[in-house]
Amino acid sequence: MMTEIINVKKFEDINLGDPFFDSLKSQYKEFEDWFQRKSKENAYVINSDDGSLTGFVYLKFEDEEVTDIEPALAAARRIKVGTLKIDAHGTKLGERVIKKIFDHALAEQATEIYVTVFSEHKGLIRLFEKYGFQKKAEKKTQNGTEEVLVRDIFHIKGEISKDYPLVKTKGNKKYLLAIYPEYHTKLFPDSILNNEHPEIIEDVSYTNTIHKVYIAKLALTRLKTGDIVVIYRTTDIPGRARFRSVVTSACVVEDVKGRRDFRNADELVAFALPHSVFSEAELRANFAGGDPLYAVKMTYNAAFRKRTIRGTLLDDVGISEHPRWDLRQLSDEQFRKIAELGKLNENIIVD
């Protein structure tokens with residue numbers, strides 16, 4: 001299976017002659033000159049394992065008034081998505097790029113993100129709108145008129161996707177949810193451990209999507225929409241859990257279903273396939289087997305910058321050894337401590 005990795009490269013190290021850029025050159029008359037002027041700056045590039053370029057995104061920090069659009073945007077700390085192109089091939093790579101844009105904006109302590117898009121790029125516009133971007137202005141140039149889509153990162157809209165990547169704590173319960181190592185990094189690629197090889201991150205829907213579906217025999221019906229889930233990667237060496245089991249990620253529950261919520265295997269496949277590590281055949285077999293079956297859909301909001309081990313969770317966070325940590329409710333204080341130890345970006349945690 002093809003693998004694709006997002007890397008940072010200087011413009012001068014990117015081949016402008018690659019056919020990937022042909023559409024940008026034809027749509028933006030000044031593109032080649034602009035590209036050359038950026039030679040010492042960085043961009044995110046996506047390369048497949050055969051070396052071909054399949055994605056490019058340039059992000060620029062701005063803090064002045066934006067006056068080349070109508071109406072203008074007042075001065076603020078914001079990220080401009082200067083150039084974005086993805087060769088889509090049914091793997092939701094666009095969602096992973098959206099996640100990278102948000103991660104970059106939070107690292108720059110930005111409060112807004114904006115992007116200009118020609119109206120004919122309807123799929124791209126729908127993608128941005130899904131995550132809370134709204135048309136606020138227009139930009140007119142020699143190339144035509146573009147829509148200006150803006151996202152106020154910290155404005156709560158009350159919809160989980162549109163509020164992404166914010167984690168709203170007030171009124172929502174917090175849980176620890178265990179996942180085996182063989183599934184963990186495929187489902188949560190930005191939470192890869194230092195001793196794992198990046199090539200295990202395949203360019204498939206469940207890797208790239210912001211939305212994840214976790215399927216288990218474990219009853220998950222305690223989880224409710226809006227609840228916060230801390231992902232707990234179990235040990236890869238039996239008997240070494242105290243030192244090798246770690247918490248890695250923070251997610252927000254979108255939807256929870258049990259077997260009775262699916263009338264047939266087709267409905268399970270439709271719900272889970274783009275977001276689960278299981279193949280269609282495996283999902284159908286799970287449904288046909290008759291065992292308990294539960295599925296939770298979550299947004300993948302953030303990877304912890306520091307992985308806290310089980311021993312610390314026991315000794316410093318105060319989580320008791322029993323009952324098992326398959327699905328374990330956390331107190332508000334325990335969640336706060338885990339977020340602090342994991343160096344979770346405090347700006348995404350809101351009341």
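That block above? That's the structure.
Residues numbered from 1 in each chain as written. Predicted model: local features only at pLDDT ≥ 70, side-chain atom pairs only at ≥ 80, totals over all residues. Heavy atoms only, no water.

Student: Can you walk me through the overall build of the chain in this structure?
Tutor: For the chain, the helix and strand inventory stands at twelve helices and 15 strands. Relative to the compact-globule value of 20 Å for 351 residues, the chain shows a C-alpha radius of gyration of 21 Å, a close match. Out of the 351 residues belonging to the chain, those deemed buried represent 51%. A separation threshold of at least 6 residues defines the contact pool for the chain, and within that pool the share at least 24 residues apart is 72%. Carbon and sulfur atoms form 47% of the exposed surface of the chain, whose accessible area is close to 16,500 Å². On the chain, the mean spot of the 54 positive side-chain charges and the mean spot of the 55 negative ones are 5 Å from each other. (Helix = DSSP H or I, 4+ residues; strand = E, 2+ residues; numbered from the N terminus. Rg over C-alpha atoms; globule rule 2.2 N^0.38 Å. Buried < 20%, exposed > 50% of the residue type's maximum accessible area, 1.4 Å probe, protein only. Contact = heavy atoms within 4.5 Å. Areas by Shrake-Rupley, 256 points an atom, 1.4 Å probe, with all protein chains shown as cover. Lys, Arg positive; Asp, Glu negative; His and termini not counted. Charge placed at Lys NZ, Arg CZ, Asp CG, Glu CD.)

Student: What am I meant to see in the packing of aromatic side chains here?
Tutor: The geometry of an aromatic ring pair is captured by the separation of the ring centres together with the interplanar angle, meaning the angle of the planes. Using the criterion set out here, one finds 21 aromatic pairs in the structure. Here the aromatic rings of phenylalanine 188 and tyrosine 300 are separated by 5.1 Å at their centres, their planes lie at 75°, and the arrangement is edge-to-face. A residue pair is termed long-range when its members are at least 10 positions apart, and phenylalanine 188 in the loop between helix H6 (181-187) and helix H7 (205-208) and tyrosine 300 in strand E13 (residues 294-309) qualify at 112 residues. Judged by relative accessible area, which is 0%, phenylalanine 188 ranks as buried. What links up through ring pairs into an aromatic cluster is the set Phe11, Phe20, Phe21, Phe31, Trp34, Phe35, Phe56 and Tyr58. A cation over an aromatic ring shows up here: lysine 99 above the ring of tyrosine 300, its NZ or CZ 4.7 Å from the ring centre. (Phe/Tyr/Trp six-rings, centres within 6.5 Å; stacked < 30°, edge-to-face > 60°. Lys NZ or Arg CZ within 6 Å of the ring centre and 35° of its normal.)

Student: Sorry, what's going on with helix H4 (residues 122-130) here?
Tutor: Three- or four-residue spacings in an α-helix give side chains the same orientation, since the helix completes a turn every 3.6 residues. Along H4, the positions that sit buried rather than exposed are Ile125, Leu127 and Phe128. The buried residues of H4 occupy one face: seen down the axis, they fall within an arc of 160°. Opposite the buried face of H4, at more than 90 degrees from it, the exposed residues are Lys122 and Arg126. Those residues of H4 hidden inside the fold are in contact with strand E4 (78-86), helix H3 (93-107), strand E5 (112-118) and strand E7 (144-152). Directly beyond the C-terminal end of H4, a positive phi value near 90° is found at glycine 132. (Arc of directions from axis to C-beta.)

Student: I'm lost on the pairing of E5 in this one. Help?
Tutor: Put simply, side chains in a regular strand alternate between the two faces of the sheet. In terms of residue burial, E5 counts as a mostly covered element, since seven of its seven residues are buried. Taken together, the four bridges between E4 and E5 define a ladder with parallel strand orientation. Bridge assignment links arginine 78 to a residue of E5, and that residue is glutamate 112. (Pairing = 2+ DSSP bridges.)

Student: Where do I start with the nonpolar core in this structure?
Tutor: Across soluble globular proteins, nonpolar side chains have a tendency to be buried as a group. If you look at the biggest cluster of nonpolar residues, it comprises 52 residues, and the most contacted ones within it are Ile113 and Ile338. When residues of this core are assigned to their parent elements, the largest contribution, seven residues, is made by H3. Those residues in contact with isoleucine 113, other than ones at most four positions away along the chain, are Ile79, Val81, Ile101, Phe102, Ala105, Phe133, Leu149, Val150, Arg151 and Ile153. Membership of the second largest hydrophobic core comes to 32 residues, among which are Tyr214, Leu223, Ile231 and Ala295. (Core = buried A, V, L, I, M, F, W, Y, C linked by side-chain atoms within 4.5 Å.)

Student: What is the right way to look at the side chain of threonine 299 in this model?
Tutor: Structurally, the position occupied by threonine 299 is in strand E13. We classify threonine 299 as buried; its relative accessible area is 0%. A distance of 2.6 Å separates a polar atom in the side chain of threonine 299 from a polar atom in the side chain of asparagine 301. If sequence neighbours within four positions are ignored, threonine 299 has contacts with Ile160, Tyr164, Ile210, His211, Ala250, Cys251, Val252 and Glu254. (Polar contact = N/O pair within 3.5 Å; in protein donor to acceptor, adjacent residues only side chain to side chain.)

Student: What am I meant to see in the packing of helix H11 (residues 310-317) against helix H12 (residues 332-341) here?
Tutor: The relative placement of two packed helices is expressed as an angle between their axes plus a distance between the axes. The geometry of H11 relative to H12 is characterised by a closest axis approach of 11 Å and an angle of 130° between their N-to-C directions. Considered as vectors, H11 and H12 are oriented oblique to each other. You can see that H11 and H12 cross each other, and the crossing is right-handed. Touching Thr312, Leu313, Asp316 and Val317 of H11 are Gln334, Lys337, Ile338 and Leu341, all from H12. Looking at side-chain class alone, the contact of H11 with H12 contains four nonpolar, two polar and two charged residues. (Axes fitted to C-alpha atoms, helices over the stretch in contact; angles between N-to-C directions. Parallel < 35°, antiparallel > 145°, perpendicular 65-115°, else oblique. Left-handed = near helix turned anticlockwise from the far one by under 90°. Nonpolar A, V, L, I, M, F, W, Y, C, P; charged D, E, K, R; others polar.)

Student: Explanation requested: the pattern of salt bridges in the structure shown.
Tutor: Any two side chains of opposite charge can pair, on the condition that their charged atoms come close. For the structure on display, the rule yields 22 salt bridges. Residues lysine 40 and glutamate 12 are paired through a salt bridge, measuring 2.9 Å at the closest nitrogen-oxygen approach. You can see lysine 40 sitting in the loop between helix H2 (31-37) and strand E2 (42-48) and its partner glutamate 12 sitting in the loop between strand E1 (4-10) and helix H1 (22-27), a full 28 residues away along the chain. In this structure, lysine 99 and aspartate 103 form a salt bridge, with 3.3 Å as the shortest nitrogen-oxygen distance. Taken as a pair, lysine 99 and aspartate 103 lie in helix H3 at a separation of four residues, close to a single helical turn. Residue lysine 99 is classed as buried on the basis of its relative accessible area of 4%. Here the residues in one salt-bridge network are Glu333, Arg336, Lys337 and Glu340, joined through shared partners. (Salt bridge = Lys/Arg side-chain N within 4 Å of Asp/Glu carboxyl O.)

Student: How should the sheet that holds strand E11 (residues 228-233) be read in this particular structure?
Tutor: Hydrogen bonds between backbone groups are what pair the strands of a sheet, and the pairing can be parallel or antiparallel. Strand order in the open sheet formed by six strands is E10-E13-E12-E11-E9-E14, and the pairing between neighbours is mixed. Both edges of this open sheet fall to strand E10 (211-216) and strand E14 (327-330), since each of them pairs with a single strand only. When strand polarity is set aside, the average angle formed by the axes of neighbouring strands in this sheet is 40°. By the bridge criterion, six bridges tie E11 to strand E12 (residues 246-258) in an arrangement that is antiparallel. Opposite valine 230, over in E12, you have alanine 250 as the bridge partner. Against the sheet, H12 touches strand E9 (174-179), E11, E12, E13 and E14, its axis set at about 100° to E14.

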